[in-house]
Amino acid sequence: MTSKNFLFTSESVTEGHPDKVCDQISDAILDEFLTKDRQSRVAAETTVTTGMALVCGEITADCYVDIPQVVRNTIKNIGYSGTTGGGFDADTCAVLTSIDEQSTDIGNGVNKAFESRSANADTSVVETEELGAGDQGIMFGYACNETPELMPLPISLAHKLSYRLSQVRKQGFVNYLRPDGKSQVTVEYVDGKPSRIHTVLLSTQHNPEINGISDNQKVQDIIKEDLKKLVIDHVFASEEIKPDENTIILINPSGRFVIGGPQGDSGLTGRKIIVDTYGGYSRHGGGAFSGKDPTKVDRSAAYASRYVAKNIVAAGLAEKCEIELAYAIGVAEPLSIMVDTFGTGKISDDEICALVRKNFDLRPAAIINKFDLRNLPAKNGGKFYQLLAAYGHMGRTDIDVPWEHVDKAETLKSQACSCGCGCV
C-alpha cells in the first residue's frame, strides 16, 4: 500500500455470527482431540442453519470425543439457548456428524520424510527435523506500527467493538441483545498514516421488545443510545484517534435485526478468513484456520509468518512488513520466502529476507515445537483454539498467543546493524 490519502474499512463479527459459530465448533472439536491425544490429525468442518448443525471431515486420533456434546456445549456458551435461541437452540437442534479418517495418501505425504530415514535414527529428532507440510499452499503474515499490538488500525478497532458488544450482552449491561452482531470501521489515512475515524458501524441482533416497548422505532432509539454509550464510547475512550463531530455513526442501519444467527443465515467454517487475519489490509493466501490441526500449514505457517513480520517491525527494521511463505505437501522446507516492507525498510528487503532465513526455522515441525501448538489446549484447560475462533487469530492481547511474542526483535536489530551497536 503506497503512501497517499485514502479510506480503508475493515469488519469484525461477534461470536454469535453464523460463520463464527461454525469456526468455534470446529476449533472446540480440535481442542478436545488435542487435549486427549496431542498427535491427533483433525480437519473438522461445520455448517449450521435453522435447527441444525452438521460436522463433517477427517479425523485420525487415539481417543474418543463425544462430538455432539462438544457441539451443543459450544452453541450454549455462545448464547443460543432458551429464549435467545431464535430457531437455533443448543438443547433442541439436530447435530449430525459425518467423520472419516484422514486420507492415508495425505498422512504418508506428511510423514514420508522420516519414514525414509535409517531405522537406527532417533525418531523424535527426525520427526522434529523432517515433518512434511500437511498440504501445499501460500500463507501471508503482516505487521505494522499503527497500533501497540502492531496490527492495522481498522481491524484492531473493529475487533474491539465486536468484543465489547459481546461483553455488554454476556455481562448483562442490557437485557435485550442476542448473540449475532457485526462491526465495521472506516479509517481515513493521510499520507499513508491513520488520521481520523470516518465511519463506525454496529449491527446487533436484539429482542423484538425492550422492557415492554414493542414499537420498532422506539426500540431502535434505545439500542442506538445504549450502544453508543456502552460500546462505541467505551472502546474509543482508550484510543488515540477518536471519532469527531464529522464521524458517521451507524447503529442497526437496517432498522431491525431480530432474526439472526443460524436462523437468519446459514454458517460455514472458514468463511471469515479476512476477519481472522488483517481485515483485508494485507494479502491472504486463501486457507482457513479453524478445525485444522497444526500439521496443516494453512494454520501453523500463517501463525509463523505473522510472528516473523511482527518481530521485524518490533525490531524497527520497517514500519510495515508482509511475509509470504509457500509449501509443498510432504516437504519440510518452505519453497519460497518473500519479504515486502512497502518502501519502509531501514535496510533492503533482500537483507531482511536473509535475516529471516538465518533466524527463523519455518519447517512445519519447527513451527509446531516453537509455539507448542499441539499442547496449547491441554495447557489452557482444554480450551485454546476455540478462543481464537472469534475476534481474530492475530494481534490478540487478551490471551497469551505465542506467535505474538517479539522475542526475536533484539536479535534482528543487532544483526541488521552494520556497526554492531543496534542503531538500525
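As a reminder, the structure under discussion sits directly above these lines.
Owing to the predicted nature of the structure, the values given are computational and were not obtained by experimental measurement.

1. Some details on the packing of helix 1 (residues 18–36) against helix 2 (residues 67–78)
Here comes step 1: Viewed as axis vectors pointing N to C, helix 1 and helix 2 meet at an angle of 130 degrees, and their least axial separation amounts to 9 Å. By the angle class used here, helix 1 and helix 2 are oblique. By crossing handedness, the relation of helix 1 to helix 2 is classed as right-handed. Between helix 1 and helix 2, the residues in contact are V21, Q24, I25, A28, I29, E32 and F33 and I67, V70, V71, T74, I75 and I78, respectively.

2. Considering empty space enclosed by the protein
Here comes step 1: Scanning the entire structure with this criterion turns up two cavities of 30 Å³ or more.
Here comes step 2: Volume-wise, the largest cavity comes out at about 70 Å³.
Here comes step 3: Forming the boundary of the largest cavity are I138, M139, F140, T277, R283, H284, G285, G286, G287, F289, D298 and A302.
Here comes step 4: Listed by contribution, the elements that provide at least two residues to the lining of the largest cavity are strand 5 (137–144) and helix 9 (297–314).
Here comes step 5: If one sorts the elements of the lining of the largest cavity by residue count, strand 5 sits on top with three residues.
Here comes step 6: For the lining of the largest cavity, the residue count by class is five nonpolar, five polar and two charged.
Here comes step 7: Reported here for the second largest cavity is a volume of approximately 30 Å³.
Here comes step 8: Counting only elements with at least two residues in the lining of the second largest cavity, the list comes to helix 5 (153–170) and strand 6 (177–190).
Here comes step 9: Looking at the lining of the second largest cavity element by element, the count peaks at four residues for strand 6.

3. Observations concerning the sheet that holds strand 7 (residues 193–206)
Here comes step 1: Ordered in space as 1-6-7-8, the four strands form an open sheet in which the pairing is mixed. The two strands at the open ends of the sheet, each matched to only one other strand, are strand 1 (6–13) and strand 8 (248–251). Neighbour-to-neighbour, the strand axes of this sheet turn through a mean angle of 15 degrees, independent of strand direction.
Here comes step 2: With 11 bridges joining them, strand 6 and strand 7 adopt antiparallel strand pairing. Residue pairing across strands places V187 opposite I197, the latter belonging to strand 7.

4. Here we look at the pairing of strand 8
Here comes step 1: Pairing analysis gives four bridges linking strand 7 to strand 8, with the strands arranged parallel. Within strand 8, the residue paired with L201 across the bridge is L250.
Here comes step 2: Between the parallel pair strand 7 and strand 8, the chain is carried across by helix 6 (residues 216–236), and the sense of this crossover is right-handed.

5. Some remarks on the nonpolar core
Here comes step 1: Membership of the largest hydrophobic core comes to 106 residues, with the highest contact counts inside it found for I29, I312 and W403.
Here comes step 2: Of the residues forming this core, the biggest block, 10 residues, is contributed by helix 9.
Here comes step 3: Residues contacting I29, with those up to four places away along its chain left out, are A44, V55, I59, I67, V70 and V71.

6. Comments concerning the side chain of S26
Here comes step 1: Inspection of the secondary structure assignment puts S26 in helix 1.
Here comes step 2: In this structure S26 comes out as buried when scored by relative accessible area, which is 0%.
Here comes step 3: For S26, the contacting residues outside a window of four places in its chain are A44, E45, T46, T269, S290 and G291.

Scoring rules and cut-offs
Residues numbered from 1 in each chain as written. Predicted model: local features only at pLDDT ≥ 70, side-chain atom pairs only at ≥ 80, totals over all residues. Heavy atoms only, no water. Axes fitted to C-alpha atoms, helices over the stretch in contact; angles between N-to-C directions. Helix = DSSP H or I, 4+ residues; strand = E, 2+ residues; numbered from the N terminus. Parallel < 35°, antiparallel > 145°, perpendicular 65-115°, else oblique. Left-handed = near helix turned anticlockwise from the far one by under 90°. Contact = heavy atoms within 4.5 Å. 1 Å grid on protein atoms, 1.4 Å probe; cavity = no way out; pocket = protein on both sides within 12 Å on 5 of 7 lines; lining within 4 Å. Points joined across faces, edges and corners; volume = space filled by probe spheres on them. Nonpolar A, V, L, I, M, F, W, Y, C, P; charged D, E, K, R; others polar. Pairing = 2+ DSSP bridges. Right-handed = clockwise from strand over helix to strand, strands pointing away. Core = buried A, V, L, I, M, F, W, Y, C linked by side-chain atoms within 4.5 Å. Buried < 20%, exposed > 50% of the residue type's maximum accessible area, 1.4 Å probe, protein only.

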